[in-house]
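This is what each chain is made of:
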Amino acid sequence: MILGAIVSLIPEGSSGEVSASIASETIGALLENPSMLKALRSMDDKAFSGMLEASLLKLYKHNVQQRLEERGLLSQTDNH
């Protein structure tokens, strides 16, 4: 049984890297979090938005931490 399908259209160029990361995080969250998929399928905007926001916030924090480490502004021991 197929419960749904996800189509991801990602633009070319440098903006595609950011878009691909966001699309990947969103699709991963849908696959890993059954309640998020249920909220999407039942069109529960409030629940889905909250879960999507939490997922994208996690991605944002990870990206910021990684960039700070790359620039030597944060050591890996600082993030615990």
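Parameters and conventions
- Residues numbered from 1 in each chain as written.
- Predicted model: local features only at pLDDT ≥ 70, side-chain atom pairs only at ≥ 80, totals over all residues.
- Heavy atoms only, no water.
- Salt bridge = Lys/Arg side-chain N within 4 Å of Asp/Glu carboxyl O.
- Helix = DSSP H or I, 4+ residues; strand = E, 2+ residues; numbered from the N terminus.
- Axes fitted to C-alpha atoms, helices over the stretch in contact; angles between N-to-C directions.
- Parallel < 35°, antiparallel > 145°, perpendicular 65-115°, else oblique.
- Left-handed = near helix turned anticlockwise from the far one by under 90°.
- Contact = heavy atoms within 4.5 Å.
- Nonpolar A, V, L, I, M, F, W, Y, C, P; charged D, E, K, R; others polar.

How should I be thinking about the pattern of salt bridges in this particular structure?
Side chains that differ in charge, positive against negative, can pair when their charged atoms come close. All chains considered together, the criterion is met by one salt bridge. Among the salt bridges present, the one from E25 reaches K58, with a minimum N-O distance of 3.8 Å. On the criterion of sequence distance, the pair formed by E25 in helix 1 (residues 14-32) and K58 in helix 3 (residues 45-70) is long-range, its members being 33 residues apart.

Explain the packing of helix 1 against helix 3 here, please?
Geometry of a packed helix pair, given as the angle between the helix axes and the separation of the axes. Interhelical geometry of helix 1 versus helix 3 gives an angle of 130° and a closest axis separation of 10 Å. What the angle tells us is that helix 1 and helix 3 run oblique. Read as a crossing pair, helix 1 and helix 3 show a hand that is right-handed. Contacts between helix 1 and helix 3 involve S21, I22, E25, T26, A29 and L30 on the former and, on the latter, F48, L52, S55, L56, K58, L59 and N63. Here the contact of helix 1 with helix 3 is composed, by residue class, of seven nonpolar, four polar and two charged.

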